Amino acid sequence: MGRFDAPDVSYVTGFGVEAWRERLVVDGFAAYRADQVLSWVYGKRVSSYAEMTNIPRAERDVLAVRYPLPVLEERAKLCSRDGTVKWLLGLSDGHAIETVLMRHRYGCSVCVTTQVGCRIGCTFCASTIGGLQRNLGAGEIVAQVLHVQRMLDETKERVSSIVVMGSGEPFENFDALVTFLSIMTHADGMAIGARHITVSTSGIVPRMIDFARLRSQVTLALSLHAPDDALRTQLMPINRAYPLADVMDAAKYYIAHTGRRLTIEYALMRDVNDRVAHAEALAQLLKGMLVHVNLIPVNTVRERAYERTPVADVQAFVAVLRRRGINTTVRREQGHDIAAACGQLRASVLASGAVRDAVAE
Ligand code: SF4
């Protein structure tokens, strides 16, 4: 087992739908048993095998030992005035992760975490402060969506979109990510349209190429945050390993290979990357590409020194991009009153020593 591997637990939610069907047949179960379990897990969203009443008890007992349902322990739950809910969820080995529900006009969106901590080192991000602890298994990523959906079931709401933008670099946990996406989009899984799912990367070039080759309908978002190498390296040290020219080549490959529009994420930080000259350089960099720029005025992160860009400067930045023909929107801020930016809740709880975590050991 590698240093950052997820614990070796065969969670039922860690199998893609077809792999699950094959596994149960190999295990000697009747073929229809796999579909019964899928229906209980993803359709009725039970949290134990004991509730799967159309499966004989002896078989339930075997399944529960071999393929447990992951249990996420609610260690903290913060509710924002705007309907955003943020959880700090405990994993079986004592680590803690963040998951966020955002309510939009068009539905409910879940932001999931793919790693405990992160080693990418973006200087504006609280998730990376303690470094990477370990990858999540696909079953643990799926469990976050089920956790949120169970709460929404109480008000007959439905998770309608997913953003893989929580703590961690999803392309550093690629196999688990791909399994997770297959379960989310499968009709016998969570049945969420691929176009309603977005995966965000800091620009891990080889995995961007791999992702393009999947020809998935899932949207890819590239975190750019700077229009030149010097500034990008300052904000995102990963730029040393994958410089801007290589990242942009991979972005162009993705667009050409999939025919899909690429989202460009650009977090605006006051007096750092939010000047008109930066907007002009960004427009030049993206000229002629099938992209959509999503500007994100950063939440002030207590642990970091960056400040929010004033509204007038955000508007000036947008105006430059639009004038240059770049499709641009500004992300509506959510959950500011509950520290909803990635990693902030976990960082603050870790700092208080309230969560057992390898960072503190
Ligand atoms: S922004 Fe994302 S990739 Fe960068 S350190 Fe934070 S979690 Fe990691």
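Once a new chain begins, its residue numbering starts again from 1 and follows that chain's sequence as written. Side-chain atom pairs in this predicted model are given and counted only at pLDDT of 80 or more, local residue features only at pLDDT of at least 70, and totals for whole chains, interfaces and linings cover all residues.

## A closer look at the domain arrangement of the protein
Move 1: Where each domain begins and ends is defined by an automated method or by a domain database. If you check the domain split of the protein, you get domain 1 (12-66) and domain 2 (73-360).
Move 2: Between domain 1 and domain 2, the contact holds 8 residues from the first and 16 residues from the second.
Move 3: A run of H or I in DSSP counts as a helix once it spans at least four residues, and a run of E counts as a strand once it spans at least two, with each numbered from the N terminus. Top element by residues in the side of domain 1 that touches domain 2 is helix α2 (residues 31-43). It accounts for 3 residues.
Move 4: Gly is put with the polar residues, along with every residue not named as nonpolar or charged; the nonpolar set is Ala, Val, Leu, Ile, Met, Phe, Trp, Tyr, Cys and Pro, and the charged set is Asp, Glu, Lys and Arg. Classifying every residue of the side of domain 1 that touches domain 2 by side-chain character gives 3 nonpolar, 3 polar and 2 charged. Here, residues touch in the contact sense if the C-beta positions derived from the backbone fall within 7 Å of one another.

## Some words on the environment of S161
Move 1: Its location among the elements puts S161 in strand β7 (residues 159-164).
Move 2: A tally of 19 C-beta atoms within 10 Å means that S161 is categorised as partly exposed.
Move 3: In the structure, S161 is positioned 23 residues away from M184 in sequence and 9.8 Å away in space, judged by C-alpha atoms.
Move 4: Setting aside chain neighbours within four positions, we find S161 in contact with G107, S109, H196 and I197. With C-beta atoms placed from the backbone, a residue is buried if 20 or more other C-beta atoms are within 10 Å of its own, exposed if 12 or fewer are, and partly exposed between those counts.

## Focus: the site of the ligand
Move 1: Nearness rests on one distance test: the residue's C-beta atom, set from the backbone, must lie within 6 Å of the molecule or strand. Lining the immediate surroundings of the ligand are 12 residues, of which C118, I120, C122, C125 and T128 lie closest.
Move 2: Looking at side-chain class alone, the shell around the ligand contains 5 nonpolar, 6 polar and 1 charged residues.

## Observations concerning helix α10 (residues 276-286)
Side chains that are three or four residues apart share a direction in an α-helix, a result of its 3.6 residues per turn.
Move 1: Along α10, the residues classified as buried are A279, L282 and L286. Along α10, the residues classed as buried sweep out an arc of 60 degrees about the axis, all on the same side. Exposed and oriented more than 90 degrees from the buried face of α10 are A277 and Q284.
Move 2: Buried positions along α10 lie against β10 (262-268), β11 (291-297) and α11 (311-323). Here, the arc refers to the directions that run from the helix axis to the C-beta atoms.

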